[in-house]
Amino acid sequence: QVQLVESGGGLVQAGGSLRLSCAASTRTFSTYNIGWFRQAPGKEREFVAAVAWSGGTTYYADSAKGRFAISRDNAKKSVYLQMNSLKPEDTAVYYCAAGRGRPGRWINEYAYWGQGTEVTVSS
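Residues numbered from 1 in each chain as written. Predicted model: local features only at pLDDT ≥ 70, side-chain atom pairs only at ≥ 80, totals over all residues. Heavy atoms only, no water.

**Things to note about the overall build of the protein chain**
Phase 1: Assigned secondary structure in the protein chain consists of zero helices and eleven strands.
Phase 2: Counting helices and strands in the order they occur from the N terminus, the protein chain gives β-β-β-β-β-β-β-β-β-β-β.
Phase 3: With respect to the principal axes defined by its C-alpha atoms, the protein chain has extents near 40 × 25 × 25 Å.
Phase 4: Counting the 123 residues in the protein chain, one finds 41% classified as buried.
Phase 5: The contacts of the protein chain with a sequence gap of at least 6 include a subset with a gap of at least 24, amounting to 58%.
Phase 6: Split by element, the accessible area of the protein chain, about 6,500 Å² in all, is 45% carbon and sulfur. (Helix = DSSP H or I, 4+ residues; strand = E, 2+ residues; numbered from the N terminus. Buried < 20%, exposed > 50% of the residue type's maximum accessible area, 1.4 Å probe, protein only. Contact = heavy atoms within 4.5 Å. Areas by Shrake-Rupley, 256 points an atom, 1.4 Å probe, with all protein chains shown as cover.)

Shown next as structure tokens:
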């Protein structure tokens, strides 16, 4: 089993920034695609950003392009999501996920999930 732990969430005003972290326990971390998803109350879980295990290829939802940046540090077995210019509609629980299927936005390709970290953006 791959254990994932998110951190870095909190309360921020609109226009502010947060950096989310995802720490993995597995020694084979570098072989997994990593994705960030979010879920707001009453809404379905949606894709935010992802990074492939090979070559560092990144993927972004339209809502994240130009504002968010995903990166990974295989030596530290961690993935980060830098979130800038935050908007109230970014308010959600953010989840880190790992998988060995197709990288990108397809939620069913990710087999392992963290417990989530809350992000609240006030206006």
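**Looking at the sheet that holds strand β8 (residues 78–83)**
Phase 1: Spatially, four strands are ordered β1-β3-β8-β7 in an open sheet, and the strand pairing comes out antiparallel. Each edge of the open sheet is held by one strand with a lone partner, namely β1 (4–7) and β7 (68–73). Ignoring which end each strand starts from, the neighbouring axes of this sheet average 15° apart.
Phase 2: Bridging between β7 and β8 involves six bridges; their strand directions are antiparallel. From the neighbouring strand, Ile-70 faces β8, where its bridge partner is Leu-81. (Pairing = 2+ DSSP bridges. Axes fitted to C-alpha atoms, helices over the stretch in contact; angles between N-to-C directions.)

**Some thoughts on the pattern of salt bridges**
Phase 1: Within this structure, the stated rule accounts for five salt bridges.
Phase 2: Two residues, Arg-102 and Glu-109, come together in a salt bridge whose shortest N-O distance is 3.8 Å.
Phase 3: For Arg-102, a relative accessible area of 44% gives the class partly exposed.
Phase 4: One continuous salt-bridge network, built from bridges that share partners, spans Arg-38, Glu-46, Arg-67 and Asp-90. (Salt bridge = Lys/Arg side-chain N within 4 Å of Asp/Glu carboxyl O.)

**Overview of the state of the cysteines**
Phase 1: Under the definition given, this model contains one disulfide.
Phase 2: The residue that forms a disulfide with Cys-22 is Cys-96, at a sulfur-sulfur distance of 2.0 Å. Around the S-S axis, the bridge from Cys-22 to Cys-96 shows a dihedral of about -75° and counts as left-handed. Of the two residues, Cys-22 sits in strand β3 (residues 18–24) while Cys-96 sits in strand β9 (residues 92–99), which places them 74 residues apart along the sequence. (Disulfide = S-S within 2.5 Å.)

**Digging into the environment of Asn-33**
Phase 1: By secondary structure assignment, the location of Asn-33 is in strand β4 (residues 33–39).
Phase 2: When the C-alpha positions of Asn-33 and Arg-19 are compared, they lie 19 Å apart, and in sequence the two are 14 residues distant.
Phase 3: In contact with Asn-33, not counting residues within four places along its chain, are Val-51, Ala-52, Trp-53, Arg-72, Ala-97, Ala-98, Gly-99, Arg-100, Gly-101, Arg-102, Pro-103 and Tyr-110.
Phase 4: Reaching out from Asn-33, the side chain makes a polar contact with the backbone nitrogen of Trp-53 at a distance of 3.0 Å.
Phase 5: One polar contact links the side chain of Asn-33 to the main-chain carbonyl oxygen of Gly-101, over a distance of 2.8 Å. (Polar contact = N/O pair within 3.5 Å; in protein donor to acceptor, adjacent residues only side chain to side chain.)

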